Amino acid sequence: MSGKITVVGSYNVDITAFCKRFPQNGETVKGDSLRFGSGGKGFNQAVAASKAGAEVLTVAAVGDDSLSQRLFDHLSREKMTSRGIITKQGLSTGSALIEVSSEGGENRIIVIEGANSALGGEDVEGFEEDIASSDIVLCQLEVNINATVRALELAKKHGVITVLNPAPFCPLDEGVLELCDWFTPNETEAEFFSGVRINGLDDAKKAAEALYGKGIKNVLITLGKNGALYYNGKELIHCSAVDAVPVDTTGAGDSFNGGLCVALSEGMDVRKALNFASCVSGIAITRPGAADAMPERDEIEKLYADSFGGEYNESI
Ligand code: RIB
């Protein structure tokens, strides 16, 4: 049963340099290759959710420049609607300069916001009916904060499940946290929001408890190769990452969030949902690119069967 997900978020053109190692300050290193692709945390999550089986509306802004065509081409290639894309006159489409190391696929990213910063609360209001009829509204922090807050408010007004992936980090009013049914920081973001320094699973557990204490019902901290940790005040669940040899970790968290929302929209329980999301990111990181790396549903199901075989991870 496919769920309906509205993603309110960013679109960027990603320009990625692959290199053996990152340069130090003032140093020049020779790279291996250069890649242009679609990215942006919002768009990556939207594509991940669509390919994993959901009906997805992407609400995003692009500039009136030639870069924006990449988004329309990508949506059409993936048979996703472009109804939620707003063109902002006089602005450039968002872009990201990315370095990926061939040792472990680690990444470093500089984002140039462009039109993403002009996506406003009033733009989101134009999609209130879509939000009201969604199973889940998924947001990040890479567009104007007014758009994110309005999307969360409208979702709550209509009783729709909200998921906020607070990336990249920016300080939030406590009131915003109360609008989030799910809050899905990575390790670094969880440290900022909780004030707990994370060095291992025990610290992640303390950070999850601190975030729960701020009024978030479902806290999910993604921990890279150490998997993910979930806490809802009663249950604490650790989900391992699936075995994978990473080629490019850009968008790893995005793939996890897209997969998580699909699983929740289909009514999977939390343990299954975490395993499902872990399979989505376990495949995405073995491929170059961000939105281009997202797996198809049948690939996810095969990895799920191979990795979990119907067994769930244990509570800790
Ligand atoms: O999360 C990965 C994404 O961050 C990249 O696609 C880049 O565009 C930046 O938004």
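Residues numbered from 1 in each chain as written. Predicted model: local features only at pLDDT ≥ 70, side-chain atom pairs only at ≥ 80, totals over all residues. Heavy atoms only, no water.

A. A look at the overall build of the protein. Helices and strands together make up the secondary structure of the protein, namely eleven helices and 13 strands. Scaling as 2.2 N^0.38, a compact globule of 316 residues should have a C-alpha radius of gyration of about 20 Å, and the protein matches this with 18 Å. A fraction of 68% describes how many contacts in the protein between residues 6 or more apart in sequence connect residues 24 or more apart. Summed over its atoms, the accessible surface of the protein is roughly 13400 Å², and 49% of this surface lies on carbon and sulfur atoms. Placing the 28 positive and 45 negative side-chain charges of the protein at their respective mean positions leaves the two points 2 Å apart. (Helix = DSSP H or I, 4+ residues; strand = E, 2+ residues; numbered from the N terminus. Rg over C-alpha atoms; globule rule 2.2 N^0.38 Å. Contact = heavy atoms within 4.5 Å. Areas by Shrake-Rupley, 256 points an atom, 1.4 Å probe, with all protein chains shown as cover. Lys, Arg positive; Asp, Glu negative; His and termini not counted. Charge placed at Lys NZ, Arg CZ, Asp CG, Glu CD.)

B. Looking closely at the sheet that holds strand β2 (residues 12-19). On the basis of which strands lie adjacent, the open sheet formed by four strands has the order β3-β2-β6-β7 and mixed pairing. Strands with a single pairing partner mark the edges of an open sheet, and in this sheet they are β3 (31-39) and β7 (107-112). The mean angle between the axes of side-by-side strands here comes to 15 degrees, regardless of whether they run parallel or antiparallel. Note: β2 against β3, eight bridges, orientation antiparallel. From the neighbouring strand, A17 faces β3, where its bridge partner is L34. (Pairing = 2+ DSSP bridges. Axes fitted to C-alpha atoms, helices over the stretch in contact; angles between N-to-C directions.)

C. Local environment of the sheet that holds strand β4 (residues 55-63). Taken together, the nine strands give an open sheet; going across it, the order is β5-β4-β1-β8-β9-β10-β11-β12-β13, and neighbouring strands pair in mixed fashion. Two strands close off the open sheet at either side, each with one partner strand: β5 (85-88) and β13 (236-239). Bridge count between strand β9 (residues 161-164) and strand β10 (residues 182-183): two bridges; the pairing is parallel. Residue pairing in the sheet places L164 in a bridge with F183 of β10.

D. Focus on helix α10 (residues 270-284). Taking 1.5 Å of rise per residue, the 15 residues of α10 would be expected to cover 21 Å, and the 21 Å separating its terminal C-alpha atoms lies within 8% of that figure. Taking burial as the measure, the 15 residues of α10 include 14 buried ones, the bulk of the element. Two to three positions downstream of the cap, the backbone nitrogen of R271 sits 3.2 Å from a side-chain oxygen, assigning the N-cap of α10 to D269. (Expected span 1.5 Å × (residues − 1). Buried < 20%, exposed > 50% of the residue type's maximum accessible area, 1.4 Å probe, protein only. Polar contact = N/O pair within 3.5 Å; in protein donor to acceptor, adjacent residues only side chain to side chain.)

E. A look at helix α2 (residues 69-77). Listing the buried residues of α2 in full gives L71, H74 and L75. Mapping the buried residues of α2 onto a view down its axis gives an arc of 100 degrees, with all of them on the same face. For α2, the exposed residues lying more than 90 degrees away from the buried face are S76 and R77. On its buried side, α2 packs onto β3, α1 (41-51), β4 and β5. (Arc of directions from axis to C-beta.)

F. Looking closely at the site of the ligand. Around the ligand there are 14 residues in total, and D14, G40, K41, E142 and D254 lie nearest to it. D14 is positioned such that a nitrogen or oxygen atom in its side chain is 2.6 Å from an oxygen atom of the ligand. N44 is positioned such that a nitrogen or oxygen atom in its side chain is 3.0 Å from an oxygen atom of the ligand. Considered on its own, the ligand offers 280 Å² of accessible surface; in the complex 96% of this is hidden by protein. (Near = heavy atom within 4 Å.)

G. Spotlight on the nonpolar core. Within the largest apolar cluster, 51 residues are counted, with the highest numbers of intra-cluster contacts made by I5, V56, W182, L220, L260, L274 and F276. For this core, the element with the most residues is α10, which contributes nine residues. Excluding anything up to four places from it in sequence, L220 contacts W182, F183, T184, P185, A228, L229, Y230, F256, L260 and L274. By size, the runner-up hydrophobic cluster in this structure holds 43 residues, among which are A61, L152, A204 and A208. (Core = buried A, V, L, I, M, F, W, Y, C linked by side-chain atoms within 4.5 Å.)

H. Layout of a nonpolar patch on the surface. Together, L97, I110 and I112 make up a nonpolar patch on the protein surface, roughly 290 Å² of accessible area in all. Counting through the fold element by element, L97 comes out in strand β6 (residues 94-101). (Patch = residues over 30% accessible without salt bridge, like charges linked within 9 Å, V, L, I, M, F, W, Y side chains within 5 Å. Salt bridge = Lys/Arg side-chain N within 4 Å of Asp/Glu carboxyl O.)

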